[in-house]
Each structure stands twice: as C-alpha cells, then as structure tokens.
Amino acid sequence: MATGDSYQTIAFSFRIGRTTVGIIVKEVCREIWNILQPTYMPRPTEETWKQSEIGYRELWNFSNCVGSIDGKHITIKCPPNSGSDYFCYKNFFSIVLLAIVRLGYSPYYKFIIVDIGSYGRHSDSGIFENSSFYNKYLKDKILLPPKPLPGMNELVPHVLIGDEGFGLQTYLLRPFSRVTVLHDERKGKFNKRLCRARRVVENVFGILTQKWGVFVRPIESEIETTVHVVQAACCLHNYIKIKQGTIVIDDYKNQSDFTHGFTSTKPPNTPNT
C-alpha cells in the first residue's frame, strides 16, 4: 500500500510466492477494515452531521452543509471476462471510490462514508443513488432537521455539496451553469463559495494519494482484493488524521497536481444544465 509495488516485486523481495503475496495483502487489508472501521469510520450519527455542519459554516462560510461528496476513478488492471463494465471515459479500466467528507472539530478531512467498487463506466449520480447510504439516509428521509440560514427566518434543509456530475436535489447542491453565472454576479459568488467548500473532498483524495503509493499506478489485484485495499487505505487515513491532527488546506486555486493519483469521474466538457 505504501510503495505501490507489484506482487511480483514484493515476492522477489521477501522470497515468497506471488500467490502468497496476494493472499496476505487481501487478508491484512480485510482485517484492517474489520478492526479499525467501527472506531475510525463508524456509521454517521446526528452528532456527526452537526459537527460537520459547524465546520463548513465556520471554516468555509457555507451554512447548512453537512458534507462534501465526489467520486474518483481508481485505475486497475483489466479484470478477466469483464467486457466494458470497468472501462471508463478516460480509456482505462477503473473502479470508483465515492466518498462523503466531513469537517467539524479537529481533526478535519475525514471520510464519513465511502462506497467502493462500482463499475468505472457508471456516473457519480448513478452510483450515489444506488448506494446503501442513499437508501438509508436520503431516500424519503433527511440528514438533519431544517434550520434557518444566518440572518433569515425561513427553514432551509441541510445539504451535501457536489460538482456538476450530480443532479440538483433538495439534499444536494451543485454549481449553477456557466451560462447562468455570466449574467448573474450573485450566482457567480455562490459558485465560488460552493467550490471552495467542495474542495474539502478533493483535498482528502490528494492526501490519500500522497500517503499511499498504491494509487499512483494501476492496481493489479482481483476486484475483491482491490476493494479491500481501498477500504483499508480510507480507514487508515482517518486513523492517521485522528492520531496526528490536520492542517486546514485553503489553497484551492493551485490544486492541479494534488490529486494526481486519482482521476475525476466527471467526463471532459460535461455540459452544465
């Protein structure tokens, strides 16, 4: 996970079989998730959403936001007999890591929810609406009771924030289209503030990539093992943030190389509607 070395390289280094390396990686990553997940990535509670809302309101000046959501492609070796299921628009094979990231009391930049293993050809919105999180927390339900925005009396729902890859919903905000922004300065300011707050999830992906070298090159494991590896990395990410703390990243204008190990799930030139 740390180096991203292939099974063959690790097998030569430790004088063991390549198949043995694969078995060890799968078992260790699975146990990391099973042991650490209940403590460092537990199921979100009402208090989790409240703390996250405070973080987005106080740090990024975006009230009633409880989380930032995005999906990223994780490059994999073509699975046998998979057809085009894992072939994404970037012309490589991938699975999707869909994540919701929180802010709140330190440490910041922690995963709340991760959905791992969806086909690379699927869209963010489709993966999200078929996730267990959506069915449990959003389908005919609410994250937190509505409350007024600062300086207002009208009740407004709490929301997640995402990019143009997601559809506009009462529980999810996305930017206004570029055409609309050109003729409305207020909508432009809204987009800028939403982008600034949404960058939290991009920053987390960048931190994850820099920490774990396995994301820099295509993962050659079986799909099931790859899912276990990504789960373990996300769980260890939260573990490290809790143990070491976090510096808030505010430079959202110069992030082009920060998430080089992941590829956005948004196709190029996606129209804003």
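Cut-offs used in this document
- Residues numbered from 1 in each chain as written.
- Predicted model: local features only at pLDDT ≥ 70, side-chain atom pairs only at ≥ 80, totals over all residues.
- Heavy atoms only, no water.
- Axes fitted to C-alpha atoms, helices over the stretch in contact; angles between N-to-C directions.
- Helix = DSSP H or I, 4+ residues; strand = E, 2+ residues; numbered from the N terminus.
- Parallel < 35°, antiparallel > 145°, perpendicular 65-115°, else oblique.
- Left-handed = near helix turned anticlockwise from the far one by under 90°.
- Contact = heavy atoms within 4.5 Å.
- Nonpolar A, V, L, I, M, F, W, Y, C, P; charged D, E, K, R; others polar.
- Buried < 20%, exposed > 50% of the residue type's maximum accessible area, 1.4 Å probe, protein only.
- Pairing = 2+ DSSP bridges.
- Expected span 1.5 Å × (residues − 1).
- Salt bridge = Lys/Arg side-chain N within 4 Å of Asp/Glu carboxyl O.
- Patch = residues over 30% accessible without salt bridge, like charges linked within 9 Å, V, L, I, M, F, W, Y side chains within 5 Å.
- Areas by Shrake-Rupley, 256 points an atom, 1.4 Å probe, with all protein chains shown as cover.
- Lys, Arg positive; Asp, Glu negative; His and termini not counted.
- Polar contact = N/O pair within 3.5 Å; in protein donor to acceptor, adjacent residues only side chain to side chain.
- Core = buried A, V, L, I, M, F, W, Y, C linked by side-chain atoms within 4.5 Å.
- Phe/Tyr/Trp six-rings, centres within 6.5 Å; stacked < 30°, edge-to-face > 60°.

The next subject is the packing of helix α2 (residues 18-40) against helix α8 (residues 223-244). It is at 8 Å that the axes of α2 and α8 come closest, and there the two elements cross at 40°. Of the possible angle classes, the one that applies to α2 and α8 is oblique. The two elements α2 and α8 meet at a crossing, and its hand is left-handed. On the side of α2, the interface is formed by Val25, Lys26, Cys29, Arg30, Ile32, Trp33, Leu36, Gln37 and Tyr40, while α8 contributes Glu224, Thr225, His228, Val229, Gln231, Ala232, Cys235, Leu236, Asn238, Tyr239, Ile242 and Lys243. Across the contact of α2 with α8, the residue classes tally to 12 nonpolar, 5 polar and 4 charged.

Summarising the element assignment, Val214 is placed in the loop between α7 (185-211) and α8. With a relative accessible area of 11%, Val214 lands in the buried category. Remark: the alpha-carbon pair of Val214 and Thr3, spanning 211 residues in sequence, is separated by 6.1 Å. Leave out the neighbours within four places in its chain, and Val214 touches Met1, Thr3, Gly4, Ile219 and Val229.

What follows concerns the pairing of strand β3 (residues 110-119). Extensive coverage of β3 is indicated by the burial of 7 of its 10 residues. Here strand β2 (residues 94-102) runs beside β3; their pairing, made up of 8 bridges, is antiparallel. Bridging from a neighbouring strand, Ile100 pairs with Ile113 of β3.

What follows covers helix α3 (residues 46-59). Counted at 1.5 Å a residue, the expected span for α3 with its 14 residues is 20 Å, and the 20 Å between its end C-alpha atoms agrees. Following α3 by one or two positions, Asn61 adopts a phi angle in the positive range, close to 60°.

Mapping Gln231 onto the fold places it in helix α8. The residues touching Gln231, leaving out its near neighbours within four places in the chain, are Trp33 and Ile116.

The next subject is the pattern of salt bridges. On inspection of all chains with the given rule, the structure shows 10 salt bridges. Between Glu53 and Lys147 there is a salt bridge; the shortest N-O distance is 3.4 Å. Here Lys147 lies in strand β4 (residues 147-148) and Glu53 lies in helix α3, a separation of 94 residues in the sequence. A network of salt bridges, in which partner residues are shared, links Asp70, Lys72, Arg198 and Glu202.

This paragraph deals with the pairing of β2. Summarising burial for β2: 9 of the 9 residues are buried, a large majority. Of the pairings in the sheet, the one linking strand β1 (residues 65-75) to β2 comprises 8 bridges and is antiparallel in character. Bridge pairing in β2 links Ile69 to Ile100.

For the rest of this paragraph, the subject is a nonpolar patch on the surface. Taken together, the side chains of Phe14, Ile16, Ile24 and Val28 define a hydrophobic patch exposed on the protein surface, amounting to about 370 Å² of accessible area. Its place among the elements puts Phe14 in helix α1 (residues 7-14). Judged by its relative accessible area of 61%, Phe14 is exposed.

Our focus in this paragraph is the side chain of Asp163. By secondary structure assignment, the location of Asp163 is in the loop between β6 (159-161) and β7 (172-173). One buried charged side chain, Asp163, makes no salt bridge at all; its nearest oppositely charged neighbour is Arg198, positioned 4.1 Å away. Polar contacts involving the side chain of Asp163 include one to the main-chain amide nitrogen of Gly165, which spans 2.9 Å. In contact with Asp163, not counting residues within four places along its chain, are Asp70, Asp124, Arg174, Pro175 and Arg198.

What follows covers the nonpolar core. A general feature of soluble globular proteins is that nonpolar side chains tend to end up buried together. The biggest cluster of nonpolar side chains holds 46 residues, and the ones touching the most others in it are Leu97, Phe111 and Val114. Taken together, the elements giving at least two residues each to this core come down to α2, β1, β2, β3, α7 and α8. Element by element, the count of residues in this core is highest for α8, at 10 residues.

This brings us to the packing of aromatic side chains. Inspection of the entire model under this criterion finds 13 aromatic pairs. For the ring pair Phe62 and Phe190, a centre distance of 6.0 Å and an interplane angle of 50° mean the geometry is tilted. Of this pair, Phe62 sits in the loop between α3 and β1 while Phe190 sits in helix α7, and the two are 128 residues apart along the sequence. Judged by its relative accessible area of 6%, Phe62 falls in the buried class. Of the residues examined, Phe190 reaches a relative accessible area of 26% and is grouped as partly exposed. With a centroid separation of 5.7 Å and an interplanar angle of 70°, the aromatic rings of Phe128 and Tyr134 are classed as edge-to-face. For Tyr134, a relative accessible area of 15% puts it in the buried group.

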